[in-house]
Amino acid sequence: MFAEIFLHVPQTHNPKEINMLKKTLEWTIPLALAGIMTGCATYRPPAQIQSAVATVNRHTPEYVTEANKALREVGHPDAERLTGVGLRLQTAVDALDQWANGSNQEAGQ
């Protein structure tokens, strides 16, 4: 589902659709992560948040892998950059999961 929403590859390779995809990725992911981090910057998040972050972290690698595979298969003109965005998202979600679940001592400092 994530890959279909954020990494949908336009079949027409219409420049407007590609530009819209770029802008969506460039703004949505960082803003969502910033909002999550800002809200939980000084305290340990509630159990529901910890569970939600763990669930997202558990599934993100699969979504990123599938999205990156689809980008390569269709020969998307911006595949290299979008693949990098997906990998950075995966790393960010993993770090957030480590912090939320207390396995990273430096994350709260």
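To start, this report covers the structure provided alongside it. (Residues numbered from 1 in each chain as written. Predicted model: local features only at pLDDT ≥ 70, side-chain atom pairs only at ≥ 80, totals over all residues. Heavy atoms only, no water.)

## Remarks on the packing of helix 3 (residues 47-73) against helix 4 (residues 79-100)
One can describe the packing of helix 3 onto helix 4 by two numbers: an axis separation of 9 Å at closest approach and a directional angle of 165°. The angle between helix 3 and helix 4 places the two elements in the roughly antiparallel class. For the pair helix 3 and helix 4, the crossing hand works out as left-handed. Here Gln50, Val53, Ala54, Val56, Asn57, Thr60, Pro61, Val64, Asn68 and Leu71 of helix 3 lie close against helix 4, whose contacting residues are Ala79, Leu82, Thr83, Gly86, Leu87, Gln90, Val93, Asp94, Leu96, Asp97 and Ala100. Its residues placed into classes, the contact of helix 3 with helix 4 shows 12 nonpolar, 7 polar and 2 charged. (Axes fitted to C-alpha atoms, helices over the stretch in contact; angles between N-to-C directions. Helix = DSSP H or I, 4+ residues; strand = E, 2+ residues; numbered from the N terminus. Parallel < 35°, antiparallel > 145°, perpendicular 65-115°, else oblique. Left-handed = near helix turned anticlockwise from the far one by under 90°. Contact = heavy atoms within 4.5 Å. Nonpolar A, V, L, I, M, F, W, Y, C, P; charged D, E, K, R; others polar.)

## Comments concerning the nonpolar core
Nonpolar side chains in soluble globular proteins tend to end up buried together. By size, the foremost hydrophobic cluster in this structure holds 10 residues: Leu21, Leu25, Ile29, Leu33, Leu71, Ala79, Leu82, Val85, Leu89 and Val93. For this core, the secondary-structure elements that each account for two or more residues are helix 2 (15-39) and helix 4. Per-element accounting of this core gives the leading share, 5 residues, to helix 4. (Core = buried A, V, L, I, M, F, W, Y, C linked by side-chain atoms within 4.5 Å. Buried < 20%, exposed > 50% of the residue type's maximum accessible area, 1.4 Å probe, protein only.)

## Focus on helix 4
Given a rise of 1.5 Å per residue, 22 residues ought to cover 32 Å, and the 31 Å separating the end C-alpha atoms of helix 4 matches this to within 8%. Every buried residue of helix 4 is listed here: Ala79, Leu82, Thr83, Gly84, Val85, Gly86, Leu89, Val93, Leu96, Asp97, Trp99 and Ala100. (Expected span 1.5 Å × (residues − 1).)

## Structural notes on helix 3
Residues that lie three or four places apart on an α-helix share one face, since the helix turns once every 3.6 residues. Taking 1.5 Å as the rise per residue, helix 3 with 27 residues should run 39 Å; its terminal C-alpha atoms sit 39 Å apart, in good agreement. Maximal helix bending in helix 3 amounts to about 35°, located at His59; proline Pro61 follows within four positions. Regarding helix 3, the residues found buried are Gln50, Val53, Asn57, Thr60, Val64, Ala67, Asn68 and Leu71. Phi turns positive one or two residues past the end of helix 3, at Gly75, with a value near 65°. (Bend = angle between axes of the 7 residues up to and from the residue.)

## Examining the environment of Asn101
Inspection of the secondary structure assignment puts Asn101 in the segment after helix 4. Along the sequence, Asn101 and Ser51 sit 50 residues apart, while their C-alpha atoms lie 8.6 Å from each other. When residues no more than four places from it in sequence are discounted, the contact partners of Asn101 are Arg44, Gln50 and Ala54.

## Describing the environment of Ala67
One can find Ala67 in helix 3. Separated by 12 residues in the primary sequence, Ala67 and Ala79 have C-alpha atoms spaced 9.8 Å apart.

## Re the pattern of salt bridges
Counted by the stated rule, this structure contains 2 salt bridges. For the salt bridge of Lys69 with Glu73, the shortest nitrogen-to-oxygen distance reads 4.0 Å. Residue Lys69 and its partner Glu73 are both found in helix 3; the two are separated by 4 residues, about one turn of the helix. With relative accessibility at 39%, the residue Lys69 sits in the partly exposed group. (Salt bridge = Lys/Arg side-chain N within 4 Å of Asp/Glu carboxyl O.)

## A closer look at the side chain of Asn57
Tracing the backbone shows Asn57 in helix 3. Polar contacts involving the side chain of Asn57 include one to the main-chain amide nitrogen of Asp94, which spans 3.4 Å. Apart from residues no more than four positions distant in its own chain, Asn57 is found in contact with Val93, Asp94 and Asp97. (Polar contact = N/O pair within 3.5 Å; in protein donor to acceptor, adjacent residues only side chain to side chain.)

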